[in-house]
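The lines below spell out each chain.
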Amino acid sequence: MTTWYGYRRPDGSVGSRNYVGIIPAVTCANDVANAICREVQGTVTFLHHQGCCQLPPDLDRVTETLISLGKSPNLGAVLIVSLGCEGTDHARMYEELKATGKPVEIIHIQELGGVSKAVREGTDIARRLVMQISGQLREPADISEVIMSIKCGGSDTTSGMASNCVIGYVADKLVDLGATVIFGETTEFIGGEHLLARRAVNEDVAKDIYRIVDEMETRAKSIGCDMRRGQPTPGNIAGGLSSIEEKSLGAIVKSGTRPIQGVLDYPEHVTTQKGLWIKDTPGREPEILTGMAATGAQFMCFSTGRGAPQGFPCMPVIKICGNPNTFENMKDDMDLNAGLILTGDKTIEEVGEEAFAKLLRVLNGEMTKNEAIQYFTSLDIFCLGPVI
Amino acid sequence: MEELKIALKVNDLDNVATIFANDVTDGTVVEMRDKKGNREQITVKGDVPYGHKIAVADIHIGEQITKYGEEIGIATKEIVKGEYVHVHNLDSMRGRGDWETEKEAETV
């Protein structure tokens, strides 16, 4: 049995961090949330740009994503910062988060008489919440209680052969140990969706995989763009990619080889799901990282070649770099050097085991480079419709 | 000692490996490694840029080319072990192309 140590929450989930989350119910509450976060140690905030002047399905999506984010086991308590007139359902956020058993408070800027009063009130509440949860001890947890999210960004020729293969190794290992692994980036599936569908546990899941790819392409077509045309690009071909399948597989390989259990919607939060799952997300960092933190992932493994430094406020992000030159050049931002596979110094399995050891340490509290430098404020919620 | 020139094969089913070395030209001997670190010397046929592929077995015309344990295309020519594999001798197997191709497929 592989044990790690985390913060056990009333709903049964286990966190790798113990923050108070300051959640703006709408973008108009960002400055208040940010001011509170700056004042109180042990808090994190989520400065997104949604929650008003959107169509009802998107408003539901934002409400649900923020609820899922609040449920993250890495948050021990939550303070919702509402403006008062926003389009999201702040009352539902409060009720659903309260139902998880964790301490939840809410303030309304308009009701409190403006920004400075809200900052004052919110700071007092956040301070109380931090005091309330900061003494919680880590308890033993089984590896099967882990939820790992994965992503690649700032990719180059090395990503598909080194860092993504390392994450694939780790993904298989975690799935075999009974844990949950979530991957996304639906845009990357184009050209390889048939290969993913083949790994689906049943016909319905296979159809879901085709469906999310089709929906994403349809949205692109609605503004006149064909995402398949000219793939792989001349730049890809010059870099060595011979077909759209090869390009797609280079990204998909980070999901490992195990069966795909199902497809999660962007706002969904993992409850009892085990094994390998897809979450329907775009590839861009601000949106996918939010979506992955909302699943309840305690951390993320992030593969890069050119050196993408982004992280997320409540979810430690382990950077695994496939390019040995980038690793040397950006040592302060990259956690693991998978480039040693390409220089012949290490094997995929060796770096895979290093990554596994690293993720256990991160689950137990060791900071990632990204956390230490707090490079994680740029985030957003992925919406589908127009802004009004 | 001459610099080690690595060709990486990531899945046991693969019949291609990717070169991670510069100055690999016709006749260069590269060392193929698999994910466990097993190695084999292969003589390269053709000039192969960094990040491009070579065959690690003979591949006959019409046979599947496999990388990551999955098919990435079909051989459009006879390919011998060590030979450069790219768009000149590999064709995508995807029926679904861009809009134009799709429309044609729909009308058939």
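Residues numbered from 1 in each chain as written. Chains lettered and ligands numbered in written order. Predicted model: local features only at pLDDT ≥ 70, side-chain atom pairs only at ≥ 80, totals over all residues. Heavy atoms only, no water.

K.L.:
If you had to explain the pairing of strand β8 (residues 147-152) of chain A to someone new, which residues and values would you point to?
P.N.:
Residue and element names in this part refer to chain A. Burial of β8 is extensive: six of the six residues sit out of reach of the surface. Judged by which residues are buried, β8 turns out to be covered on both faces: Ile147, Ser149 and Lys151 on one side and Met148, Ile150 and Cys152 on the other are all buried. Here β8 pairs with strand β9 (residues 180-183) via three bridges, running parallel. Bridge pairing in β9 places Met148 opposite Val181. (Buried < 20%, exposed > 50% of the residue type's maximum accessible area, 1.4 Å probe, protein only. Helix = DSSP H or I, 4+ residues; strand = E, 2+ residues; numbered from the N terminus. Pairing = 2+ DSSP bridges.)

K.L.:
Account for helix α10 (residues 244-252) of chain A, with residues named and values stated.
P.N.:
Most of α10(A) is tucked away: eight of the nine residues are buried. Tucked inside the fold, the buried residues of α10(A) contact β8, α6 (163-176) and α7 (193-198) of chain A together with β5 (53-55), β6 (64-67) and β7 (70-75) of chain B. (Contact = heavy atoms within 4.5 Å.)

K.L.:
Quick rundown of the environment of A:Gln261? Include the residues and the values.
P.N.:
All names here are of chain A. Tracing the backbone through its elements, the reader meets Gln261 in strand β10 (residues 260-264). Residue Gln261 is classed as partly exposed on the basis of its relative accessible area, which comes to 31%. Each C-alpha atom, one on Gln261 and one on Ala200, is 6.3 Å from the other, the two residues being 61 residues apart in sequence. In this structure, Gln261 is in contact with Val201, Val205, Lys274, Gly275, Leu276 and Trp277, ignoring residues within four places of it in sequence.

K.L.:
Explain the packing of helix α2 (residues 56-70) of chain A against helix α11 (residues 285-295) of chain A to me, and be specific about the residues and the numbers.
P.N.:
All names here are of chain A. Taken N-terminus to C-terminus, the directions of α2 and α11 make an angle of 55°; their axes are 7 Å apart at the nearest point. Considered as vectors, α2 and α11 are oriented oblique to each other. Crossing of α2 against α11: the hand is left-handed. Within the contact between the two elements, α2 uses Thr65, Ser68 and Leu69 and α11 uses Thr290, Ala293 and Ala294. Among the residues making up the contact of α2 with α11, the classes are represented as three nonpolar, three polar and no charged. (Axes fitted to C-alpha atoms, helices over the stretch in contact; angles between N-to-C directions. Parallel < 35°, antiparallel > 145°, perpendicular 65-115°, else oblique. Left-handed = near helix turned anticlockwise from the far one by under 90°. Nonpolar A, V, L, I, M, F, W, Y, C, P; charged D, E, K, R; others polar.)

K.L.:
How would you sum up the pattern of salt bridges? Please name residues and give values.
P.N.:
Residue and element names in this part refer to chain A. Considering all chains together, one arrives at 29 salt bridges over all chains under this definition. Note that Glu371 and Arg17 form a salt bridge whose closest N and O atoms lie 2.8 Å from each other. On the criterion of sequence distance, the pair formed by Glu371 in helix α14 (residues 369-372) and Arg17 in the loop between β2 (14-15) and β3 (19-24) is long-range, its members being 354 residues apart. Two residues, Arg211 and Asp208, come together in a salt bridge whose shortest N-O distance is 3.2 Å. Taken as a pair, Arg211 and Asp208 lie in helix α8 (residues 203-222) at a separation of three residues, close to a single helical turn. Note on Arg211: relative accessible area 31%, which makes it partly exposed. Bridged by salt links that share partners, the residues Lys151, Glu185, Lys254 and Glu285 form one connected network. (Salt bridge = Lys/Arg side-chain N within 4 Å of Asp/Glu carboxyl O.)

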